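Structural features, examined
So you can see what is in the structure, the chains are spelled out below.
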Amino acid sequence: MQPSLILRSGRSAWKGPYFVAFPNLREALESNAAIRTQARSCTILPNFVGIRFMVHNGKDYLPVTVTQDMVGHKLGEFAHTKKRFTYKMTKNK
Amino acid sequence: MVHILGVQLPDYQLARFALTAFYGVGHKTAHRLCARLQIHDRCKVRSLTPHQITELASFLASPSTAPPLLRVPLAGPSFKAAPPSVPAQDLRNAFLAACKKGGADPLKSLKIESEAKRVVKDNIAHQRMIGSYVGKRHAMHLPVRGQNTQTNARTARHLNKVDRWG
């Protein structure tokens, strides 16, 4: 994680990054089980790398596999909440 | 008209505003550049000396390898001269030590033009690669920070792309 990323985030540096403590982190890494979470604002820490998450997008849980490059971002950035609008012809007309 | 590194600086403008013609140089950086090269605040581009223009060009060509600033400390109001018993060599060493003090040079990491554009492109490419929302919005040519898109959003439609040029 770049230290400047924390400084630029708008959050006080003395607080450090915001994160949620997942109690089952180690088991998840060993068993490769997905962690279901609604904590979209949780910062991805270096020890999350390799863990599979199921992140809530407001409707369902989307799979997110954490890689090294994602460190410092938030979990919610990877579970998109919006669908792109596509025009569908109405069936009954 | 002065040409520096392929950028035209109009003669009639103040030097510190003309310098913002470089991509990656805003008012603050331009002011700092002027301070570094001892160009005064009201100096217009047409009155820059050839020496200042070459200095500016050589500095902007590679800010990271430019020779470090000479910092000469000034005596404050509470300055007391050392007694004559102190050897001159000690005074000299103390002065040189004071010259070396001071923070990091903020212009050392200055990036302009194509280098600055590459930084922007790299940041967008990083977002796109990790599959974040920001990268996705760039790829869709849409605003990134939650602005409305039903109308307007012209700037984003124009500029936001993975291989952004400006």
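Residues numbered from 1 in each chain as written. Chains lettered and ligands numbered in written order. Predicted model: local features only at pLDDT ≥ 70, side-chain atom pairs only at ≥ 80, totals over all residues. Heavy atoms only, no water.

1. Quick notes on the pairing of strand 3 (residues 61–65) of chain A
Residues and elements named next belong to chain A. This is how it is decided: At least two bridges found by DSSP between two strands are what make those strands a pair. Here a helix means four or more residues in a row that DSSP labels H or I, a strand means two or more in a row labelled E, and each is numbered from the N terminus.
In the sheet, strand 2 (residues 52–56) pairs with strand 3 via five bridges, with the strands oriented antiparallel. In the sheet register, H56 faces strand 3, and the bridge partner there is Y61. Between strand 2 and strand 3, which pair antiparallel and follow one another directly, the connecting turn spans four residues, one of which, G58, has a positive phi of 105 degrees.

2. Comments concerning the packing of aromatic side chains
Definition in use: Stacked, tilted and edge-to-face are the three classes applied to pairs of Phe, Tyr and Trp rings, where Trp contributes its six-membered ring and a pair requires centres within 6.5 Å; stacked means planes under 30 degrees apart, edge-to-face means over 60, and tilted covers the rest. For a lysine, the NZ atom is tested; for an arginine, the CZ atom; a charge sits over a ring if that atom is within 6 Å of the ring centre and within 35 degrees of the ring normal.
For the structure on display, the rule yields three aromatic pairs over all chains. An aromatic cluster is built from A:F22, A:F48 and A:F53, whose rings are joined through pairwise contacts. Seen from the ring of A:Y61, A:R36 lies directly overhead, with NZ or CZ sitting 4.0 Å from the centre. Against the face of B:Y23 rests B:K117, its NZ or CZ located 5.0 Å from the ring centre.

3. A short note on the nonpolar core
Residue and element names in this part refer to chain B. Put simply, the rule reads: We call a set of buried Ala, Val, Leu, Ile, Met, Phe, Trp, Tyr and Cys residues a nonpolar core when their side-chain atoms join them within 4.5 Å. To sort residues, take the accessible area from a 1.4 Å probe on protein chains only and compare it with the maximum for the residue type: under 20% means buried, over 50% means exposed, and anything in between is partly exposed. Note on contacts: a residue pair qualifies if any of its non-hydrogen atoms lie within 4.5 Å across the two residues.
Ranked by internal contacts, the top residues of the largest apolar core, which has 25 residues, are I4, L9, L19, F22, L33 and L60. Among the elements of the structure, strand 1 (2–4), strand 2 (7–9), helix 1 (15–18), helix 2 (27–36) and helix 3 (50–61) are those that each provide at least two residues to this core. It is helix 3 that provides the largest number of residues to this core, a total of four residues. The contacts of F22, once residues within four sequence positions are left out, are I4, L5, V7, L9, L60, I112 and E113.

4. Describing the interface of chain B and chain A
As a reminder of what qualifies: Accessible-area loss on putting two parts together, using a 1.4 Å probe and summing over both, is the definition of buried area adopted here. Think of a salt bridge as a Lys or Arg side-chain nitrogen and an Asp or Glu carboxyl oxygen that are within 4 Å of each other. What qualifies as a polar contact is a pair of N or O atoms within 3.5 Å, subject to a donor-acceptor requirement within protein and to the restriction that residues adjacent in sequence count only when both atoms come from side chains.
Every contact between the two is made by nine residues of chain B and, on the other side, eight residues of chain A. Roughly 850 Å² is buried in total at the junction of chain B and chain A, and carbon and sulfur atoms are behind 57% of that figure. Our count for the contact surface shared by chain B and chain A stands at zero salt bridges. The interface formed by chain B and chain A holds two residue pairs in polar contact (both at pLDDT 80 or more) in total. Contributions of two or more residues to the side of chain B that touches chain A are made by helix 5 (114–130) and helix 6 (133–139) of chain B. The element contributing the most residues to the side of chain B that touches chain A is helix 5 of chain B, with four residues.

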